[in-house]
Structure formats: C-alpha cells, structure tokens
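# Descriptive structure summary
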Amino acid sequence: MARPVWSGTVTFGLVSLPVQMFTATDSHTVRFHQLQRGTSDRVRNKRVNERTGDEVALDDIVKAYDAGDEYVLVEPDELDDIAPGRSKTLEITGFVDLEEIEPVFFDKTYYLGPKGKEYAKVYALLEKALAEADRAGIATFVMRNHQYLVAVKAEGGLLTLHTLHWADEIRDPRKEIDDLPGKTKVTDRELKMARQLVDTLRIDWNPDDFHDTYQEQVAALIDAKRKGEKVEKAEPAAESTNVVDLMDALKASVDRAKKPGGSKKSAGSKKSPGSKKSAGSHAKKGAGTKKAELDGLTKAELQRRAADADVPGRSSMNRDELIEALRGVRQPKAS
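Only a predicted model underlies this, so the values are computations on that prediction, with no experimental measurement involved.

### Quick look at the overall build of the protein chain
In terms of regular secondary structure, the protein chain is built from 10 helices and nine strands. Taken over 335 residues, the protein chain has a buried fraction of 25%. Relative to all contacts within the protein chain whose residues are 6 or more apart in sequence, the contacts with residues 24 or more apart total 63%. Carbon together with sulfur atoms contributes 51% to the accessible area of the protein chain, which is approximately 24800 Å² in total.

### Re the sheet that holds strand β8 (residues 146-155)
Overall, mixed pairing links the seven strands, which are arranged β1-β2-β6-β9-β8-β7-β5 in a closed barrel. Strand-to-strand twist across the sheet, computed as the mean angle between neighbouring axes with direction ignored, equals 40°. As paired strands, strand β5 (residues 89-97) and strand β7 (residues 135-143) are joined by six bridges and run antiparallel to one another. Residue pairing across strands places Val96 opposite Ala136, the latter belonging to β7. Sitting on the sheet, helix α2 (residues 120-133) is in contact with β1 (6-12), β2 (15-23), β5, β6 (106-114), β7, β8 and β9 (158-164), with an inclination near 70° to β9.

### Quick word on a nonpolar patch on the surface
Together, Val62, Tyr71 and Leu73 make up an exposed nonpolar region whose accessible area comes to about 340 Å². A relative accessible area of 39% means that Val62 is categorised as partly exposed.

### Remarks on helix α9 (residues 299-308)
Counting buried positions along α9 yields seven of 10 residues, so the element is predominantly enclosed. Restricting attention to buried positions, one finds in α9 the residues Lys299, Ala300, Glu301, Leu302, Arg304, Arg305 and Ala306. Backbone geometry just after α9 places Asp310 at a positive phi near 55°.

### Some details on the layout of surface pockets
Of the pockets and cavities examined, the largest pocket occupies roughly 810 Å³. What lines the largest pocket is a set of 29 residues, among which Glu216, Gln217, Ala220, Leu221 and Gln303 lie closest to the centre. Secondary structure elements with two or more residues in the lining of the largest pocket: α5 (213-227) and α9. Considering each element in turn, the lining of the largest pocket owes the most residues, 11 residues, to α5. Tallied by class, residues from the lining of the largest pocket come to 12 nonpolar, five polar and 12 charged.

### Comments concerning the packing of aromatic side chains
For the structure on display, the rule yields three aromatic pairs. Pairing Trp205 with Phe210 gives two aromatic rings, centres 5.9 Å apart and planes at 25°, and the pair type is stacked. Residue classification places Trp205 among the exposed positions, given a relative accessible area of 68%. Through a chain of ring-to-ring contacts, the aromatic side chains of Trp6, Phe141 and Tyr148 assemble into a single cluster.

### Some thoughts on the environment of Thr109
Of note, Thr109 is situated in strand β6. Thr109 sits in the partly exposed class, given a relative accessible area of 22%. Between the C-alpha atom of Thr109 and that of Leu164, which follows or precedes it by 55 residues, the distance is 9.4 Å. Not counting residues within four places of it along the chain, the set of residues in contact with Thr109 comprises Thr23, Ala24, Leu161 and His162. Among the polar contacts listed, one links the side chain of Thr109 to the side chain of His162, at a separation of 3.0 Å.

### A few points about the environment of Asp107
Residue position: Asp107 is located in strand β6. Placed 58 residues apart in sequence, Asp107 and His165 show a C-alpha to C-alpha distance of 6.5 Å. Residues in contact with Asp107, not counting those within four places in the same chain, are Thr163 and His165.

Parameters and conventions
- Residues numbered from 1 in each chain as written.
- Predicted model: local features only at pLDDT ≥ 70, side-chain atom pairs only at ≥ 80, totals over all residues.
- Heavy atoms only, no water.
- Helix = DSSP H or I, 4+ residues; strand = E, 2+ residues; numbered from the N terminus.
- Buried < 20%, exposed > 50% of the residue type's maximum accessible area, 1.4 Å probe, protein only.
- Contact = heavy atoms within 4.5 Å.
- Areas by Shrake-Rupley, 256 points an atom, 1.4 Å probe, with all protein chains shown as cover.
- Pairing = 2+ DSSP bridges.
- Axes fitted to C-alpha atoms, helices over the stretch in contact; angles between N-to-C directions.
- Patch = residues over 30% accessible without salt bridge, like charges linked within 9 Å, V, L, I, M, F, W, Y side chains within 5 Å.
- Salt bridge = Lys/Arg side-chain N within 4 Å of Asp/Glu carboxyl O.
- 1 Å grid on protein atoms, 1.4 Å probe; cavity = no way out; pocket = protein on both sides within 12 Å on 5 of 7 lines; lining within 4 Å.
- Points joined across faces, edges and corners; volume = space filled by probe spheres on them.
- Nonpolar A, V, L, I, M, F, W, Y, C, P; charged D, E, K, R; others polar.
- Phe/Tyr/Trp six-rings, centres within 6.5 Å; stacked < 30°, edge-to-face > 60°.
- Polar contact = N/O pair within 3.5 Å; in protein donor to acceptor, adjacent residues only side chain to side chain.

Now the structure itself:
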C-alpha cells in the first residue's frame, strides 16, 4: 500500500472529515545516472559548503533568507508556529462550478481517502454531493512549509485533490509571446477546410489510448546499444507550412485522414495502427500486412509493430525496410 504524503482534516461548514492524501501519478521517465567518462564511477551530487568544499550533514543545514546585507535564519519549528493548525487543516471556503476553473490553473493531482472506516459516511456524503452538483470545493492548506490553493473534486467514486496555481503565478501570454497572431485574417475557404480537418480527425477522449512513445524509443535505444546493434536516426522534423502551400496542406491532410489507412489518432495512441495491441493482432492474424496500410504509419509506429512481431535487426532498419519486413509477417503454422 502507498504511504500518505499528508494527513489532516477537511472541513466544510461545520463538518470535519479526517483524510489521508496519496500521490495520484507516477513518472515513467527513464532515469540516467551520471558517470565519469571512460569509467563506471558514478558522479553524485553532495551537500557541500561552497567556501570550504566540505560535505555538510543534513542536521546542520538550516533555511536562510537573503535580506541583502545579512542572512535571516529560520528554523522548521518557527515555520510551524506562525501557522498553527494550518498544516493539519484543509478548510473548504466555498464550492465553484468545475467549468469555471481554467485548465492553466491545475497543477498536480492527489487522491484523498478517509482516515479510518468510521469516517466513510462523511466521505461518501461529500463525494456524492460534489458529483451531483458538478462542483469543486476550493480550499487552502499548508504542506511541507508551502501553502497550496486546491480544488477538491469527486471523480470515479472517490475524492481527488488538485493543487492550483495562484493567480499571480499565471503569466499573461500577450506579454510573454511577441508574435501572437492577434487579428490575423483568414479566408472563409481556409477556415472551412481547417474545420473539416478538425471534424475528420475527431476522436473520443480515452486516456488509456495514449502512452509515452518517446520513452519507448529511449528504451529501444538502450536495448540496441546493449546488443551492439546499429541505431537508426529518427526522421527529421516536418518542415513548416508556408502561406502559399497552406490550402494544399489542409486538403491533403483531410484526404489522408479520410483514407481507410489514415490515422485519426495521435502517434502516441495505444489503439492507433502500430500500437502494441494492433501490432500483435496483425502479427498473429496471418495473411501478411498490406503495404497501403503500413504507408500511413509513422516510423515510431512501424518500430512498435516490428518489436511486437520480433523482426530481427529492426533497430537498424530505415522506414522502407521496416515496411518491407512487416509485409512478410504471417501467422505461424499450427504444430
């Protein structure tokens, strides 16, 4: 079982609900160690005194604020004393419609669970009330010496807590980006074709359909280097579409999306052509794979199919070689 990252009490009105908070997400990023080149010696980051170069014990490290002419030292207990109870209480000040919270405000997600079976009814009552009202409770609380603005929501039969950015943390894009289009004019014909492309590429949102294809490529790179195989470079990035070719690019995109082999999902989609599920089924169903279908896939999708079909030497193949190899994939004969 996961360990809670915070324990405290959620209050709304005169109701108090003891809860435990759990991290809701994991990172699947491939982690690398730092080594000194030419050795297998790891390079570690240490807490060192920048003047003497000596390592400093964790207990000897204190927080300090740079006031310009001096450092003001602050002990952990002093931070707790200035906000008594704030680190143990999450007080909901009101409830807002979910659609009022703009996506840019959302930061990280946590799960909330009742701190004991005796609080199950209060927990269920708040969860069901929020679900039926389609609203979120807005609150603030302190965790690890930081105050957070949060939204408490009902999702899938449980309570979730989403940390929010403070308003002054949200940057004004028109001050940050110099070349926003502003009132750039587009023709009715261009807009109609763009809308047609958007409609043609419409999909149903299912987060399970998508996965991190870049991390798969990193893993494939590591595997190829372990085996001493040649690593094929990725295809170059697509060139920018200029104004002259815009309509041609839009029309070609719509035509491609309408074809039976045209991809209507992201290259990171599990259920798009070339995903593990579809690749496995094609590798087993047996009459070989049509070239027209393979032509519509990206190189990353072709690599995933080749991996599922256990095509030898796939890591060193270019796109055309992958297509030719996958065309010959057939179902093994029954013994």
